Amino acid sequence: MASFGWKRKIGEKVSKATSQQFEAEAADDKDLADDDDANWVHANKRRKEILLEDCVKRSKELKDEGANLAENRRYREAIHKWDEALQLTPEDATLYEMKSQVLMSLHEMFPAVHAAEMAVQRNPRSWDAWQTLGRAQLGLGEIALAIRSFQVSLHIFPMNPEVWKEDLSWARKLHEQQKATKTEAVQTLAKEKELAQESVPDYDFESDEIVAVCAAIAEKEKALSAAKTVVIVSASGTVETVTEKENCPTTPDETLFIRAR
């Protein structure tokens, strides 16, 4: 029986120098591949940076064009320019804030509030975005919300005289007028309700006057029921009115043809 021995390793006959040369070449190829990967990642990143820079640059151009159009009261065209800019830089809060101002000039208050809210979401530290939101809310009649927005704007920029003296002051004045109007309406409604209750007299059906009136009406009804009027038509066509008393009824003779009450 043949005995088993260790299996010969693959490459056992390859010389050590050849093996080392092969390993060195493989390492060089790996380094080149790593360098190629690094260069590709860097190049791709650079292309993205260039694309982003181009988007920002084009967005700024569209923003400026829209601003010039808005100054010339070409509001619809300005909005179109800013919408194009938002496709390139959707996180630009200034674009939404400017769009909200123009929408208010067009008296489109709901879209104006929405645009201002988008501006505030993208940049909560923008005092002018909060100011624009407050003005749009005033246009909708949301006075309490507008006061809060103006207060946030002042919290961010306390030294802004425009928000303090004009926006917030005007909003508070409107709020006081609104409260006064509501109070007056409530008072008027209460007064009308009180007058309606007073117009219905409160009769006392057990008073002596009411009892006397009821007794007089009863006596009159009794007298009318005691004396009844009878219309008698004879056969010859003569009409005669006879008063018939309850205790002594009148009996017509045989010449009567028709009897009617």
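First, a word on scope: everything that follows refers to the structure included in this document. Quick caveat, the model's predicted, so the values are computed rather than measured.

Next up on the list: the nonpolar core. One finds Trp82, Val102 and Leu133 to be the most contacted residues of the largest nonpolar core, which totals 29 residues. It is helix α4 (residues 109-122) that provides the largest number of residues to this core, a total of eight residues. Setting aside anything within four residues of it in sequence, one finds Leu133 in contact with Val113, Ala116, Glu117, Val120 and Ser149. Residues Ile143, Phe150, Ala171 and Leu174 belong to the second largest nonpolar core, which totals nine residues.

With that settled, consider helix α3 (residues 93-105). Along its 13 residues, α3 runs 19 Å from first to last C-alpha, staying within 8% of the 18 Å computed at 1.5 Å per residue. With respect to burial, α3 is a largely interior element, 10 of its 13 residues being buried. Its side-chain oxygen placed 3.0 Å from the backbone nitrogen of Thr94, Asp92 serves as the N-cap of α3. Directly after α3, the chain includes His107, whose backbone phi takes a positive value near 60 degrees.

This brings us to the packing of aromatic side chains. Evaluation of the coordinates by the stated rule reveals one aromatic pair. Where Trp127 meets Phe157, the ring centres are 5.4 Å apart and the plane angle is 55 degrees; that geometry is what we call tilted. Residue Trp127 is located in helix α5 (residues 127-139), and its partner Phe157 is located in the loop between α6 (143-156) and α7 (161-198); the two are separated by 30 residues in the primary sequence. Residue class for Trp127 comes out partly exposed when judged on its relative accessible area of 28%. With relative accessibility at 32%, the residue Phe157 sits in the partly exposed group.

Spacing of three or four residues puts side chains on the same side of an α-helix, whose turn is 3.6 residues. Between its first and last C-alpha atoms α6 spans 20 Å; for 14 residues at 1.5 Å apiece the expected length is 20 Å, and the two agree. Restricting attention to buried positions, one finds in α6 the residues Ile143, Ala146, Ile147, Ser149, Phe150, Ser153, Leu154 and Ile156.

Attention shifts here to the pattern of salt bridges. Under the defined criterion, the tally for this structure stands at 10 salt bridges. Put simply, Arg122 and Glu91 hold a salt bridge, and the shortest N to O gap is 3.8 Å. On the criterion of sequence distance, the pair formed by Arg122 in helix α4 and Glu91 in the loop between α2 (75-88) and α3 is long-range, its members being 31 residues apart. Of the charged contacts in the structure, one is a salt bridge between Asp167 and Arg135, with a shortest N-O distance of 3.0 Å. Of this pair, Asp167 sits in helix α7 while Arg135 sits in helix α5, and the two are 32 residues apart along the sequence. Note on Asp167: relative accessible area 8%, which makes it buried.

Its place among the elements puts Ala115 in helix α4. For Ala115 and Thr132, which are 17 residues apart along the polypeptide, the C-alpha to C-alpha distance reads 9.5 Å. Beyond its immediate chain neighbours, meaning those up to four positions away, Ala115 contacts Tyr96, Ser100 and Leu103.

Relative to the helices and strands, Glu97 is located in helix α3. Although Glu97 is buried, it forms no salt bridge, and the closest oppositely charged side chain is Arg135 at an N-O distance of 7.2 Å. Among all residues touching Glu97, those that are not within four sequence positions of it are Ala119, Asp128, Ala129 and Thr132.

Along the polypeptide, Trp82 turns up in helix α2. Judged by its relative accessible area of 1%, Trp82 is buried. In this structure the C-alpha to C-alpha distance between Trp82 and Met98, which are 16 residues apart in sequence, comes to 8.5 Å.

Thresholds applied
Residues numbered from 1 in each chain as written. Predicted model: local features only at pLDDT ≥ 70, side-chain atom pairs only at ≥ 80, totals over all residues. Heavy atoms only, no water. Core = buried A, V, L, I, M, F, W, Y, C linked by side-chain atoms within 4.5 Å. Buried < 20%, exposed > 50% of the residue type's maximum accessible area, 1.4 Å probe, protein only. Helix = DSSP H or I, 4+ residues; strand = E, 2+ residues; numbered from the N terminus. Contact = heavy atoms within 4.5 Å. Expected span 1.5 Å × (residues − 1). Polar contact = N/O pair within 3.5 Å; in protein donor to acceptor, adjacent residues only side chain to side chain. Phe/Tyr/Trp six-rings, centres within 6.5 Å; stacked < 30°, edge-to-face > 60°. Salt bridge = Lys/Arg side-chain N within 4 Å of Asp/Glu carboxyl O. Lys, Arg positive; Asp, Glu negative; His and termini not counted.

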